[in-house]
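Analysis of the macromolecular model
This is what each chain is made of:
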Number of protein chains: 2
Amino acid sequence: MSGHLTYKQSGVDTIEAQSFVHNIAPHVKRTQKQRQLFNAFGLFAAAYDLSSYKEPVIVTGTDGVGTKTELLFEQDMLETAGKDLVAMNVNDILTTGGDPLLFLDYLGISNLKAETPRITRLVAGMCDYLESCNCILAGGETAEMPGVVPADLVELAGFCIGCVEKSSMIDPSQVAVGDVLIGYGSDGFHANGWSLVRRILAENPGLLTTEELHAALAPTRLYHDVVRDMRSLGITPKAYAHITGGGLPENLERFLGDKGADLEIPYWDNAPAQKVLQFVDAEDRFHTFNMGIGWVAIVRPEQVEQALTAGPGGVVIGTIRAGKGIRVSVSSK
Amino acid sequence: MSGHLTYKQSGVDTIEAQSFVHNIAPHVKRTQKQRQLFNAFGLFAAAYDLSSYKEPVIVTGTDGVGTKTELLFEQDMLETAGKDLVAMNVNDILTTGGDPLLFLDYLGISNLKAETPRITRLVAGMCDYLESCNCILAGGETAEMPGVVPADLVELAGFCIGCVEKSSMIDPSQVAVGDVLIGYGSDGFHANGWSLVRRILAENPGLLTTEELHAALAPTRLYHDVVRDMRSLGITPKAYAHITGGGLPENLERFLGDKGADLEIPYWDNAPAQKVLQFVDAEDRFHTFNMGIGWVAIVRPEQVEQALTAGPGGVVIGTIRAGKGIRVSVSSK
């Protein structure tokens, strides 16, 4: 073949790409039960009609699954990786009070043919979560990059677009002294702090059983149920916070300015997480992990009782006070 | 330190992340001269107000730079990588007739401190292109993933959101027999087909001088100028096509249905590209590379003369005929 190479001979198989698209089609379809893409035949972009909104504000963000990806792949938890990718992005959109509308994924792989079974499961997991929050899988790029992406690694990036009526947008600048913080449980470490967890697991072989490891790797909880219930109850919180890297302090301080709170959170009743945490600096753990609280809503005092009925597992964790800074303590059992 | 690890000890440096954000701030600011983000203090997502649109349709897509990334990094062409990332995404948005409004990037790296100088230049390149088409760098995720992303590799994914009035949306289903295809020059291979180019370069050491290689690696041309001029001229083309992987045939056939065209394109007067192409199968080259035409507009015959004045370098390459399929030949010089 000297002198006349084809693209396939260089390791990129466009036919295989069509087969992958065929594989994921039924999953993609599941995400368009409630909402549909706008017919945009022949365009090179996905389209969504916002003309039913009065004063639409679009909200957007991007995130990945970080170093948790590697453990999820080692443990063959592909669906979980897909769910994590969706939840990390959708939860950020939900902090605005808006609806997550469109999700896109970018997958970088070494060999499409070899990876098709795994990335199909990954997309299936994405669509499980997307279907549950009525968000459309609007597009994606699966880039086959032989020699660039190491074999067995999948590069994962997600991207979400939501929309909110300008008048209903959450406005954290309205948080006032006396407002109450309600925390909602996490399902594990979610997708933050895994570089540290991985190091601890490597230095302490046998610390977790396989079953415990899988429990610790549970997908990031999607807080769509809390937001939906708040809306049904007619409650517009002053703020929502998605507790990711930086933990409760950094994810709350970012919008509290010269206000703060002394939080008392319940003991994190998660055996695998506690086994790992014993190896983590006592202060640093609150700045790295969610410590059992993955989502916070801040509401007016008179709304607390009603707000606690939104979604499962809400618990009062503190009250806004004057004075900068978030301090976190764990209530004695 | 047995028993008490901090997050930084696991290889993730959140302070360094703040320094990177500080570095890129002036570049990000440049992208908000014409358009501004909607004030969304304390939210976990970027916001943009669409309430000035009557019937907004949002359009979105995601893409990367593929295996071209590796060569760009080897040649220290970081700004080019940033421009490619933007152009690959923005051009797709432009096919709808809409404005590119928001861009987000996902960068996966091994070590933030080591990579900060390089990814700052990468973001600067992104912002050069974004500024030129009035698209805001609305957000990004820079994920430090020690042990997952190989050292020296940067995972690159881009996402773009645009908006178009429903009534002004390009509708390729309107393409009719007799409509004319106008082609616009490319600046090189752009960001497709590089797995094949890399293989040819590896098998033929010294085929290109460094200068020629850099010319072949020129950033993907941004076709915003063509689209802007068409709009000023009051021309709404029947279709736009961004010529990426699959070349002219696949990127036109996707919306032509049972129609087609026999295209005659000018000889691609690009010495480094021609040196590489001599090693590529004569048919496959048209299905892998843009062959000198990176953008196509399809207009009504009576609009051709005027349309040729839009942007630099438009040339008539064919006419829509009945009968499926795109055939491409090169006009004799």
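Above this text sits the structure in question.
Counting restarts for each chain, with residues numbered from 1 along the sequence as it is written. The order in which chains are written sets their letters, starting at A; the order in which ligands are written sets their numbers, starting at 1. Thresholds applied to this predicted model are a pLDDT of at least 70 for local features of residues and 80 or more for the giving and counting of side-chain atom pairs; totals over whole chains, interfaces and linings are not thresholded and use all residues. Remark: hydrogens and water are excluded; side-chain values derive from all non-hydrogen atoms of the structure.

**Overview of the relation of the copies chain A and chain B**
To line up the copies, we fit them by least squares on C-alpha atoms, keeping just the residues with pLDDT of at least 70 in both. Of the transformation placing chain A onto chain B, the axial shift is 0.0 Å and the rotation is 180°, giving an RMSD of 0.0 Å. Taken together, the rotation and translation relating the two chain copies correspond to the operation of a two-fold axis. Note on contacts: a residue pair qualifies if any of its non-hydrogen atoms lie within 4.5 Å across the two residues. When you check the interface residues of chain A against chain B, 99% turn up at the interface there too, and the contact is symmetric in its surfaces.

**Some details on the environment of P237 of chain A**
Think of it this way: any DSSP run of H or I at least four residues long counts as a helix, any run of E at least two long counts as a strand, and we number them from the N terminus. One can find P237 of chain A in the loop between helix 7 (224-232) and strand 7 (239-242). Counting along the chain gives 226 residues from P237 of chain A to G11 of chain A, while the straight-line C-alpha distance between them is 52 Å.

**Thoughts on helix 4 (residues 112-132) of chain B**
Residue and element names in this part refer to chain B. By this rule the span expected of a helix is its residue count minus one, scaled by 1.5 Å. Taking 1.5 Å of rise per residue, the 21 residues of helix 4 would be expected to cover 30 Å, and the 28 Å separating its terminal C-alpha atoms lies within 8% of that figure. Fitting axes to the seven residues ending at a residue and to the seven starting there, one defines the bend at that residue as the angle between these axes. Where helix 4 bends most, the angle comes to about 35°, and this point is R118. Of the residues trailing helix 4, N134 is marked for its positive phi of about 55°.

**Description of the sheet that holds strand 11 (residues 321-322) of chain A**
Hydrogen bonds between backbone groups are what pair the strands of a sheet, and the pairing can be parallel or antiparallel. Residues and elements named next belong to chain A. Should DSSP find at least two bridges between two strands, the strands are taken to pair. The strand order across the open sheet built from 3 strands is 11-8-12, with neighbouring strands paired in mixed fashion. Two strands close off the open sheet at either side, each with one partner strand: strand 11 and strand 12 (325-330). As judged from the 2 bridges shared by strand 8 (residues 259-265) and strand 11, these two strands associate in the antiparallel manner. Counterpart to K259 in the pairing with strand 11 is A322. Axis lines are fitted through C-alpha atoms, for helices just across the contact stretch, and the angle between N-to-C directions can take any value from 0 to 180 degrees. Contacting strand 8 and strand 12, helix 8 (residues 247-256) runs over the sheet at an angle of about 150° to strand 12.

**Brief notes about the sheet that holds strand 1 (residues 46-49) of chain B**
Taken together, the 5 strands give an open sheet; going across it, the order is 4(A)-3(A)-5(A)-2(A)-1(B), and neighbouring strands pair in mixed fashion. This sheet does not close on itself; its edge strands, each paired only once, are strand 4 (136-144) of chain A together with strand 1 of chain B. Direction aside, the axes of adjacent strands within the sheet are offset by 15° on average. Relative to strand 5 (residues 155-165) of chain A, strand 2 (residues 56-63) of chain A runs antiparallel, the two being bridged by 8 bridges. Each residue of the ladder has a partner; that of G61 of chain A, found in strand 5 of chain A, is C160 of chain A.

**Comments concerning the packing of helix 3 (residues 78-94) of chain B against helix 4 of chain B**
Residues and elements named next belong to chain B. Close contact between helix 3 and helix 4 brings their axes to 7 Å; oriented N to C, the two are set at 45°. In terms of orientation, helix 3 lies oblique with respect to helix 4. Seen from above, helix 3 lies across helix 4 with right-handed handedness. Every residue of helix 4 that contacts helix 3 at L78, E79, A81, G82, K83, L85, V86 and A87 is listed here: R118, R121, L122, G125, M126, D128, Y129 and L130. Any residue outside Ala, Val, Leu, Ile, Met, Phe, Trp, Tyr, Cys, Pro, Asp, Glu, Lys and Arg is labelled polar, Gly included; the first ten of those are nonpolar and the last four are charged. Of the residues contributing to the contact of helix 3 with helix 4, the split by class is 9 nonpolar, 2 polar and 5 charged. Orientation is classified from the angle alone, with under 35 degrees giving roughly parallel, over 145 giving roughly antiparallel, 65 to 115 giving roughly perpendicular, and any other angle giving oblique. Here is the rule for handedness: rotate from the far helix to the near one, and if that takes an anticlockwise turn smaller than a right angle the crossing is left-handed, while a clockwise turn gives right-handed.

**As for the side chain of D99 of chain B**
Residues and elements named next belong to chain B. Mapped onto the fold, D99 is located in strand 3 (residues 99-109). Its relative accessible area of 16% is what places D99 among the buried residues. Any pair of nitrogen or oxygen atoms within 3.5 Å is treated as a polar contact; in protein, a donor-acceptor pairing is required on top of that, and neighbouring residues in sequence qualify only through side-chain atoms on both sides. At a separation of 3.4 Å, a polar atom in the side chain of D99 contacts the side chain of Y53. Contact partners of D99, with chain neighbours within four places excluded, come to R35, Y53, I93, I161, G162, C163 and R231. When a residue's accessible area, from a 1.4 Å probe over protein chains only, is under 20% of the maximum for its type it is buried; when over 50% it is exposed; and in between it is partly exposed.

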